[in-house]
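Next come the chains, spelled out residue by residue.
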Amino acid sequence: GENVEQHPSTLSVQEGDSAVIKCTYSDSASNYFPWYKQELGKGPQLIIDIRSNVGEKKDQRIAVTLNKTAKHFSLHITETQPEDSAVYFCAAPFRDDKIIFGKGTRLHILP
Amino acid sequence: DAGVTQSPTHLIKTRGQQVTLRCSPKSGHDTVSWYQQALGQGPQFIFQYYEEEERQRGNFPDRFSGHQFPNYSSELNVNALLLGDSALYLCASSVPPGSGGYTFGSGTRLTVV
């Protein structure tokens, strides 16, 4: 079925440390894996994405890794800052047309 | 460049009523997808519109219907509202279907009482 599982549901890290959020997907045909950040009262905002022809992509403090064989992909945030506190969603497309989201990870950056 | 615009931002309706939510996609985008986000949950796919037609639909009853206009804007209609329809309704636009890279609006917060 159409499923994207995301772990953990809540994550607390000390400011300056790294945070890792992991997702698995069920459709082996999925070829695009976006990550969204949602702040209170706002819609999700695309922060990084990766296509299936690469295994890793970096954008400053954010990186995403993809293991197509295992159907896993992960978000890595290094040198975390207070403004990184938010809810993060992974997502994957099914039958090319609809993006299915994970249940989200609430990230708390502790001072 | 305006992003995705949704209206209204907040809405309170009574059980059994009907509601229409509106979305204007980002400039240059021709595909609109609608999502329902319950409190503390991830967005759930309702349906997607492209070329004024519904292309894909999620697991939502027929009470949820939509429309896309020639200018690519879209409406989401919900009939016979239930308390469980209370949620944040998000509109996302993209080009073309399947390309991902959705741009989301800030949503319409619907409360059914």
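Residues numbered from 1 in each chain as written. Chains lettered and ligands numbered in written order. Predicted model: local features only at pLDDT ≥ 70, side-chain atom pairs only at ≥ 80, totals over all residues. Heavy atoms only, no water.

Colleague: Go over the overall build of chain B, please, and point to the residues and values.
Modeller: Regarding its fold elements, chain B presents 0 helices and 11 strands. Counting from the amino terminus, helix and strand elements in chain B follow one another as β-β-β-β-β-β-β-β-β-β-β. Relative to a compact globule of 113 residues, whose C-alpha radius of gyration would be 13 Å, chain B shows 13 Å and is just as compact. Taken over the C-alpha atoms alone, chain B extends approximately 35 × 25 × 25 Å along its principal axes. Counting over 113 residues, chain B shows a buried share of 50%. Here the analysis covers contacts within chain B between residues at least 6 apart in sequence; of these, 53% occur between residues at least 24 apart. Accessible surface, chain B: about 5200 Å² in total, of which carbon and sulfur atoms supply 47%. Once the 8 positive and 9 negative side-chain charges of chain B are each reduced to a mean point, those two points are 12 Å apart. (Helix = DSSP H or I, 4+ residues; strand = E, 2+ residues; numbered from the N terminus. Rg over C-alpha atoms; globule rule 2.2 N^0.38 Å. Buried < 20%, exposed > 50% of the residue type's maximum accessible area, 1.4 Å probe, protein only. Contact = heavy atoms within 4.5 Å. Areas by Shrake-Rupley, 256 points an atom, 1.4 Å probe, with all protein chains shown as cover. Lys, Arg positive; Asp, Glu negative; His and termini not counted. Charge placed at Lys NZ, Arg CZ, Asp CG, Glu CD.)

Colleague: Can you explain the interface of chain B and chain A? Please cite residues and give values.
Modeller: In this assembly, 23 residues from chain B lie in contact with 19 residues from chain A. Among the residues chain B hides against chain A, the three largest losses belong to B:Gln56, B:Tyr102 and B:Phe104. Together they make up 28% of the total. Seen at the junction of chain B and chain A, the total is 0 salt bridges. Inspection of the region where chain B meets chain A yields 4 residue pairs in polar contact (both at pLDDT 80 or more). Within the residue set of the side of chain B that touches chain A, elements represented by two or more residues are β4 (31-37), β5 (44-50), β6 (53-57) and β9 (87-94) of chain B. Sort the elements by how many residues they give to the side of chain B that touches chain A and β6(B) lands first, with 3 residues. (Buried area = accessible area lost by both parts, 1.4 Å probe. Salt bridge = Lys/Arg side-chain N within 4 Å of Asp/Glu carboxyl O. Polar contact = N/O pair within 3.5 Å; in protein donor to acceptor, adjacent residues only side chain to side chain.)

Colleague: Before we move on, can you summarise the sheet that holds strand β1 (residues 5-7) of chain B with the specific residues and values?
Modeller: Residues and elements named next belong to chain B. If you trace the 4 strands from one edge of the open sheet to the other, you get β1-β3-β8-β7, paired in antiparallel fashion. Each end of this open sheet is capped by a strand with a single partner; those strands are β1 and β7 (64-68). Direction aside, neighbouring strands of the sheet carry axes that sit 20° apart on average. Bridge count for β1 against strand β3 (residues 19-24) is 3 bridges, and the pairing is antiparallel. Opposite Thr 5, over in β3, you have Ser 24 as the bridge partner. (Pairing = 2+ DSSP bridges. Axes fitted to C-alpha atoms, helices over the stretch in contact; angles between N-to-C directions.)

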